[in-house]
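Residues per chain, in single letters:
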Amino acid sequence: MSTGTTKLDVVVSDVVPVNDLVTRFHFRRRDGQLLPTFSGGAHVVVEMRDGERTRLNPYSLMGSPLDTREYTISVRRDDVGRGGSLFMHNQVRPGLEMVVSYPVNLFSLDLRAKKHLMLAGGIGITPFMAQTTQLAAEGGNFELHYTCRTASLGTYADVLRERYDRRVRLYHDDLGERIELDRLLSSQPLGTHLYVCGPAGMIGWVRDRAAALGWPSETVHFEHFAAPQPGAPFDVTLAISGKTIRVGEQQSLLEAIEAAGVDPPYLCRGGVCGQCETNVISADGKFIHNDHWLTEEEHRSGKKIMPCVSRFEGRSLVLER
Amino acid sequence: MAAKSIISRPVYGTLSPQLGRHHLFVADAEGARAISDMAAKAPAGFFTDAHIIYIAGSGSEANVVALEALGPAQFYQGPSFASALPRLKQTLTNAHMGLRVYLAGTEGLIGQAMQAALEAGIDHTSMLTEHRGSLARRMQCVHCKGITENVTTQPAACSHCGLLLLVRDHYSRRIAAFQGVCINAEDRSEIPPIEEAFP
Ligand code: FES
């Protein structure tokens, strides 16, 4: 059993196309009960049974935390990804029975903040849908800056503008609109917390500028769902169970371990939570660390690996579990 | 430096230059030396964005000269924390994210300045502190709620209600004081030996 990820039996209650790339999915509990409560920023891991393969992808809950009759997620189609989003888009229909994890929040609001400054890029808007709903209900002070490629790909931009008017500011790449980040960050009142969710480049940019401008790291929150990167297949031995398994090109190390019948812990499947950390017993080859959890020193030491996103190239690899 | 005993007991560090747009220092006579020591490690031009609030107490003129020599954008010198408080509050009210706070000196000074910064929305973990000088404590009497400054003995008399108090390590960040609890509530005539505990 993966830590904190007890399963929920759900049925797809609705599938709604949002724009050219994004589709929204609604889930209800099969037994008709209410779903567990969650707070803005939480995600669930959705299990996708695709023939022989089971994929597990994390998606932010975007519905209101005040209404747990259903969970809603929005999935951006990735035509060159590993197939999870395509499965959601092509195979998932209303009435389908699925399994999702309990909600986990690795991107929660710090409610001691005097103000919440939110920066979203593309599909990174989804956790903010729930967070803004939560804050609006509590009379919280927030401001959302949302960058998207074009107006038609501004997922829920219209909904947000309608709900929150000037508290939402939109930027369209095709019109050359850019967030004036330094000015924005330097004009925030003391006690503001910063939240950023979007592509890795955006998160890196915002974190760097915030640090340079004197934002203490405790006030900067970010969420990045890094999809596992494909790569050359490799073999791995698990010392505790004594199994030797092959990690396929499109498979993550974590997925291969799960497919071999071992049930390792995980929470985010995106290299940020630290839950899947594993000790390396021996290795002859090169690690491809893709996580944001281990320090650079730990990466260099070759003594630890995050199996949810990291890979290996070489002759042999033995992990503790 | 004060030892860590129970969880609410504050832990202090060493001032070090942070990235930021503005730097606010609050220090007393002992703490002024922590600022001078830090200045040795600071990049050139660091103090051009700095504001130093210096509480001289009965401190020496030498500190003032040393602090002014750092070339801070603003320098204020006041005789007591109370006299500096309006200025500190005003500075925090007008500040934006990018302001870094550095507090140095006795616990009473650090605690009270931190209290003002907390109210302004700065998390205590985001402030840099350095304890210098006396271990004297600011103590709140849990019975009459009066605050006695500069307590150096254990037990210590409450300067408001006169009860003899055991100065606990239990610290309240909200009121920036240690808790003092009556040590002889059963029999007031019982006076335990009074020792210099916080020199
Ligand atoms: S599951 Fe979170 S870091 Fe791997």
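Before any of the text, the structure's been laid out above.
Just so you know, these numbers come straight off a predicted model, no measurement behind them.

(A) Region of the structure containing the packing of aromatic side chains. Residue and element names in this part refer to chain A. Scanning the model with the defined rule gives 12 aromatic pairs over all chains in all. Consider the rings of Phe107 and Tyr195, whose centres lie 6.2 Å apart with planes at 80 degrees: the pair is edge-to-face. Placement of the pair is Phe107 in the loop between strand E6 (97–101) and strand E7 (115–121) and Tyr195 in strand E10 (residues 192–197), with a sequence separation of 88 residues. Summarising the burial analysis for this pair, Phe107 and Tyr195 share the class buried. Here the aromatic rings of Phe142 and Tyr164 are separated by 5.1 Å at their centres, their planes lie at 85 degrees, and the arrangement is edge-to-face. Of this pair, Phe142 sits in strand E8 (residues 142–148) while Tyr164 sits in helix H3 (residues 157–164), and the two are 22 residues apart along the sequence.

(B) Quick peek at the packing of helix H2 (residues 126–138) of chain A against H3 of chain A. Residue and element names in this part refer to chain A. Direction vectors running N to C along H2 and H3 enclose 10 degrees, while the axes themselves pass 12 Å from each other. Put simply, H2 runs roughly parallel to H3. Between H2 and H3, the contacting residues are Met129, Thr132, Thr133 and Ala136 on the first element and Val159, Leu160, Arg163 and Tyr164 on the second. In terms of residue class, the contact of H2 with H3 is made up of 5 nonpolar, 2 polar and 1 charged.

(C) Spatial organisation of the pattern of salt bridges. Residue and element names in this part refer to chain A. Overall, the coordinates contain 25 salt bridges over all chains when judged by the stated rule. In this structure, Asp79 and Arg77 form a salt bridge, with 3.0 Å as the shortest nitrogen-oxygen distance. By sharing partners, the salt bridges in this structure join Lys7, Glu47 and Arg49 into a single network.

(D) A look at the pairing of strand E16 (residues 311–319) of chain A. Residues and elements named next belong to chain A. Looking at chain direction, strand E12 (residues 234–238) and E16 are connected through 2 bridges and run parallel. What sits directly across from Thr237, in E16, is Val318. Bridge analysis of strand E14 (residues 278–288) against E16 gives 8 bridges, and the strand direction is antiparallel. In the sheet register, Ala283 faces E16, and the bridge partner there is Leu317.

(E) Molecular detail of the sheet that holds strand E6 (residues 137–141) of chain B. All names here are of chain B. Spatially, 5 strands are ordered E7-E6-E11-E10-E9 in an open sheet, and the strand pairing comes out mixed. In the strand order of this sheet, the two ends are held by strand E7 (147–151) and strand E9 (156–157), each with one partner. In terms of strand pairing, E6 meets E7 through 3 bridges, oriented antiparallel. Counted as the bridge partner of Met139 is Thr148 from E7. On top of the sheet, helix H4 (residues 107–119) reaches E6, E7, strand E10 (164–172) and strand E11 (177–182); it is set at about 65 degrees to E6, its chief contact.

(F) Highlighting the interface of chain B and chain A. Taken residue by residue, the interface counts 17 residues in chain B and 18 residues in chain A. In this assembly, chain B packs against chain A so that about 1,400 Å² is buried in total across both faces, 58% of it on carbon and sulfur atoms. Together, Arg21, His96 and Met97 of chain B form the three largest contributors to the area buried by chain B at its contact with chain A, with a combined 43%. In this assembly, chain B and chain A are joined by 1 salt bridge.

(G) The arrangement of unusual backbone geometry in detail. Residues and elements named next belong to chain B. The amide bond that connects Gln154 to the next residue, Pro155, takes the cis arrangement and shows omega of -10 degrees. Among the structural elements, Pro155 can be located in the loop between strand E8 (153–154) and E9. Here the phi dihedral of Lys145 falls at roughly 70 degrees; this positive angle occurs in a residue that is not glycine. Its place among the elements puts Lys145 in the loop between E6 and E7. The phi angle at Asn150 is positive, at roughly 55 degrees, despite the residue not being glycine. For Asn150, the location among the structural elements is in strand E7. Asn150 gets classed as exposed once you look at its relative accessible area, which sits at 60%.

About the thresholds
Residues numbered from 1 in each chain as written. Chains lettered and ligands numbered in written order. Predicted model: local features only at pLDDT ≥ 70, side-chain atom pairs only at ≥ 80, totals over all residues. Heavy atoms only, no water. Phe/Tyr/Trp six-rings, centres within 6.5 Å; stacked < 30°, edge-to-face > 60°. Helix = DSSP H or I, 4+ residues; strand = E, 2+ residues; numbered from the N terminus. Buried < 20%, exposed > 50% of the residue type's maximum accessible area, 1.4 Å probe, protein only. Axes fitted to C-alpha atoms, helices over the stretch in contact; angles between N-to-C directions. Parallel < 35°, antiparallel > 145°, perpendicular 65-115°, else oblique. Contact = heavy atoms within 4.5 Å. Nonpolar A, V, L, I, M, F, W, Y, C, P; charged D, E, K, R; others polar. Salt bridge = Lys/Arg side-chain N within 4 Å of Asp/Glu carboxyl O. Pairing = 2+ DSSP bridges. Buried area = accessible area lost by both parts, 1.4 Å probe.

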